[in-house]
Amino acid sequence: MTCVSCANRIERRLNKLDGVDATVNYATEKATVRVPEGLDPEQLIAEVEKTGYTAALPAPRKSRPDDTAEPADADPELSSLRTRLIVSAVLTVPVIAMAMIPALQFPYWQWASLTLAAPVIVWGAWPFHRAAWVNLRHGAATMDTLISMGTLSAFLWSLYALFFGTAGTPGMKHPFTLTLQPSDGAANIYLEVGAGVTLFILAGRYFEKRSKRQAGAALRALLELGAKDVTVRRDGVERTIGVDELAVGDEFVVRPGEKIATDGQIVSGSSAVDASMLTGESAPVEVGLGDLVTGATVNAGGRLVVRATRVGSDTQLAQMARMVEDAQTGKAQVQRLADRISGVFVPIVITVATMTLGAWLGAGFPVNAALTAAVAVLVIACPCALGLATPTALLVGTGRGAQLGILIKGPEVLESTRKVDTIVLDKTGTVTTGKMTLLDALPEAGVDRSELLRLAGALENASEHPIAAAIATAATRDVGELPEPEDFVNVEGKGVQGVIDGHAVVVGRESLLADWSEHLSPELAAAKASAEREGKTVVAVGWDGAARGVLVVADAVKPTSAAAIAGLRRLGLTPVLLTGDNTAVARQVGAEVGVDEVIAEVLPADKVDVVAGLQARGKVVAMVGDGVNDAPALAQADLGLAMGTGTDVAIEAADITLVRGDLTGAVDAIRLSRKTLSTIKGNLFWAFAYNTAAIPVAAVGMLNPMLAGAAMAFSSAFVVGNSLRLRGFTPTANVD
């Protein structure tokens, strides 16, 4: 395919098949096709070939690259274009110089120009002529038709002037002037026009092709992230195999500095894992026994043994790549508009060029002036920029998003981000961490805080309760290794008790301590009551017959949530906090992060009703969530954003996935989507304005074909360059 008109023709042809729904993307050079059950893919390929093009089914990706395969950056089409461009440049420069500088016009310069220009116009422009002929056979006209008609018209007229006119006379001069002089047209040659236009169009195609590869680089990099080999443990023996041979349940070894081969759960060892290539988060994450890890992340610390839980196309990396590719292959509403316009553009241009030629000749102007204006119209009108405006911005924007851990499902999502005015935030796991955390340890007067943590943590370490786990984790972090408890007893519904280093320790509800005649001081009782009013859980600790302190535990707010919500407000969004927790807890969290509107005590099944209710009030709603119970609400919302740390069901229902699991990702996702959409609209404005303004200028003879070719190449380069600026998108800075 050489322009968006080609893509439109193929798309229309495929969609004529019964039950087939096809989208052809010019920028990615791929067709996404939904077919009815039992349809042979070879039938699709045959339909494409009937339009004069070729197609192939995508080859399955290997986990390990074949040493004999072409390198990833090999592109035969790009190499061919480069060769044609270099040869054409070497031959064309002297042709243009002789035509424009009278001092270089020696007696037989016109014949030297023919010798140099003929290979350029025939061989250099051969891809355009071939495509124009194929399209003509199928009764269609594309951008190649315009280029071929323009360059051949200039070439054939020059041949006529040389062999049958007076242009071949020795000593003929070709003065360079910007004014049109009356003549019979047979005394001038236009070889520099044919060669110059070919050179500029080839240059435009080459840089367009290279830029498209740069635009898709993020996806190719994503696909190459995974490990190629893995050390697996089978029957007690370690051996190295290819990642594609790994099966679910296999245990594999990850040494420091190695990539984790696939998604899995740690069964031995602890380390820090660098997940920056997947999440955009630079700080390594500490992991240990039982933690889940993601394939393609890097083990930055100790030796790990991991049990594979997902392999091949089920891994998070593969799912990310698939989502990015789907988004890049789809079409936004604005792109479909551009496609429809491009589909009728070429026939209109040919009509305008014919009318221009007739009008000039009818007004009594010489043939050369009429031909110059008509060829200029053909060349300047090529809708390259129009065809590139949307897909290149989509390629770069979604690719940059993938680098930052933002996966945009489809181009239509971009339209939604522009209209959203309200964002509903699920509390647990989105605004908060979703797991209990020790927030404070308050000892009685005369009691050492470290000792309070050490004894309480040692006893809770033997319990399976989430609150006990939070206390034990914090104690281990703050005071180090914990002693083993003796005579451990779990008192149902009240707490735990046991002996630690000879101390009879009790940890739990205040009533459990009262059973042992251990009572909190008035100061600690007041602090406990205050924390409970804020929705926090308070655990009392006593030993050796006296209450020794209290521990405050709650689902902690993520450190970045307040800054993220401030960022959402700056984008013009009104945040709403949604939770099943009691109103006191919800309002406390809302106050902490800066959300005024709080909807609490909502049953999981009612979340979708809350979103629908906001929509009924005229709001355009975005929803951020992470759990299974959030999936219906994510689907109901005008824009659904799922935390990548959440469930697969929520991710499937959402429009955007935030791999990092950080609310600042929502800010970045909306900023990037809006920036991509504004880039698309800027590109389309430039492309439309350029064509609309340039065609009349060429028709009235104020633009020669060579300048028209240069301007057309520049317009395409401008659109692609404008899109590539999205690679510099910077994320919202994380707040520690």
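Quick caveat, the model's predicted, so the values are computed rather than measured.

Novice: What am I meant to see in the sheet that holds strand E14 (residues 432-443) here?
Specialist: Here six strands make up an open sheet; going across it, the order is E14-E19-E18-E17-E16-E15 and the pairing antiparallel. Each end of this open sheet is capped by a strand with a single partner; those strands are E14 and strand E15 (486-491). Pairs of neighbouring strands in the sheet enclose a mean axial angle of 20 degrees, with direction left out of account. As defined by bridge partners, strand E18 (residues 537-543) adjoins strand E19 (residues 546-557) across seven bridges and the pair is classed as antiparallel. Bridged to Val-539 within E19 is Leu-551.

Novice: Help me understand the sheet that holds strand E11 (residues 304-310), please; the structure alone is not making it clear to me.
Specialist: In a beta sheet, neighbouring strands pair by backbone hydrogen bonds and run either parallel or antiparallel. If you trace the six strands from one edge of the open sheet to the other, you get E4-E3-E5-E11-E6-E9, paired in antiparallel fashion. Looking along the sheet, the strands with just one partner apiece sit at the ends: strand E4 (237-242) and strand E9 (292-293). Summarising the sheet, strand E3 (residues 229-234) and strand E5 (residues 251-254) pair through three bridges and their orientation is antiparallel. For Thr-231, the partnering residue across the bridge sits in E5 and is Val-253.

Novice: What should I look at first to understand the pairing of strand E13 (residues 422-426) in this one?
Specialist: Each regular strand displays side chains that alternate between the two surfaces of the sheet. For E13, a buried count of five out of five residues is recorded, marking the element as mostly surrounded by other parts of the structure. The alternating pattern of E13 places Thr-422, Val-424 and Asp-426 on one face and Ile-423 and Leu-425 on the opposite face, and all of these are buried. Where E13 meets strand E20 (residues 574-578), five bridges bridge the pair, whose relative direction is parallel. Looking across to E20, one finds that Leu-425 is bridged to Leu-577.

Novice: Would you mind showing me how to read the pattern of salt bridges here?
Specialist: Taken as a whole and assessed by the stated rule, the structure comprises 18 salt bridges. Arg-477 is the salt-bridge partner of Asp-478, the closest N and O atoms lying 3.4 Å from each other. You can call Asp-478 partly exposed: its relative accessible area is 40%. Assessed through its relative accessible area of 59%, Arg-477 is described here as exposed. Taking the shortest distance from any N to any O, the salt bridge between Lys-528 and Glu-510 comes out at 3.4 Å.

Novice: What is the right way to read the environment of Ala-203 from this model?
Specialist: Within the secondary structure layout, Ala-203 lies in helix H7 (residues 191-215). Here Ala-203 falls in the buried class, since its relative accessible area comes to 17%. Through-space distance from the C-alpha of Ala-203 to that of Arg-82 is 8.5 Å; in sequence the pair is 121 residues apart.

Novice: Sorry if this is basic, but what is going on with the environment of Ala-441 here?
Specialist: By the secondary structure assignment, Ala-441 is in strand E14. Judged by relative accessible area, Ala-441 falls into the buried class, the value being 3%. Dropping the residues within four chain positions of it, Ala-441 is found in contact with Arg-449, Leu-452, Leu-453, Val-550 and Leu-551.

Novice: What is the right way to look at helix H19 (residues 522-533) in this model?
Specialist: One full turn of an α-helix is made of 3.6 residues, so residues set three or four places apart face in the same direction. Its twelve residues place the ends of H19 17 Å apart at the C-alpha level, agreeing with the 16 Å of an ideal helix rising 1.5 Å per residue. Taken together, the buried positions of H19 are occupied by Leu-524, Lys-528 and Ala-531. Summarising the axial view, the buried residues of H19 lie within an arc of 65 degrees, below the 170-degree limit, and thus occupy one face. Of the exposed residues in H19, those oriented more than 90 degrees away from the buried face are Pro-522, Glu-523 and Arg-533. Tucked into the core, H19 has its buried residues touching E14, helix H18 (510-515), E18 and E19. Of the residues trailing H19, Gly-535 is marked for its positive phi of about 85 degrees.

Novice: Explain the UniProt feature "transmembrane region" (unreviewed entry) in the protein here, please?
Specialist: Mapped onto the present numbering, the UniProt feature "transmembrane region" (unreviewed entry) falls on residues 85-102, 108-126, 146-167, 187-207, 341-363, 369-396, 683-700 and 706-724. In the segment residues 85-102, helix accounts for 89% and strand for 0%; the C-alpha atoms at its two ends are 26 Å apart. Annotation note: span residues 108-126, helix share 89%, strand share 0%, distance between end C-alpha atoms 27 Å.

Novice: Please explain unusual backbone geometry as it appears in this structure.
Specialist: One can expect most non-glycine residues to show negative phi and most peptide bonds to be in trans. Backbone geometry at Ala-296 places phi at a positive 85 degrees, although glycine is not the residue there. Here Ala-296 shows up in the loop between E9 and strand E10 (298-299). Residue classification places Ala-296 among the buried residues on the basis of a relative accessible area of 1%. Positive phi outside glycine occurs at Asp-487, with the angle close to 50 degrees. Relative accessible area serves as the criterion here: at 60%, Asp-487 is assigned to the exposed category.

The rules behind each value
- Along each chain, residues carry numbers from 1 onward, in the same order as the chain's sequence is written.
- Totals for whole chains, interfaces and linings use all residues, but because this is a predicted model, local features are given only for residues with pLDDT of at least 70 and pairs of side-chain atoms are given and counted only at 80 or more.
- Excluding hydrogens and water, the side-chain values take into account all heavy atoms of the structure.
- A pair of strands counts as paired when DSSP detects no fewer than two bridges linking them.
- Counting from the N terminus, the helices are DSSP H or I runs at least four residues long and the strands are E runs at least two residues long.
- To obtain each axis, a line is fitted to C-alpha atoms, and for helices this fit is confined to the stretch in contact; angles are then taken between N-to-C directions over 0 to 180 degrees.
- Only protein chains enter the area calculation, which uses a 1.4 Å probe; residues under 20% of their type maximum are buried, those over 50% are exposed, and those in between are partly exposed.
- Here a salt bridge means any side-chain nitrogen of Lys or Arg lying within 4 Å of a carboxyl oxygen belonging to Asp or Glu.
- Should any heavy atoms of two residues lie within 4.5 Å, those residues are considered in contact.
- What a helix should span is 1.5 Å times the count of its residues minus one.
- The arc in question is formed by the directions pointing from the helix axis toward the C-beta atoms.
- UniProt positions are given in the numbering used here, feature names are shortened, and annotations may be inferred rather than shown by experiment.

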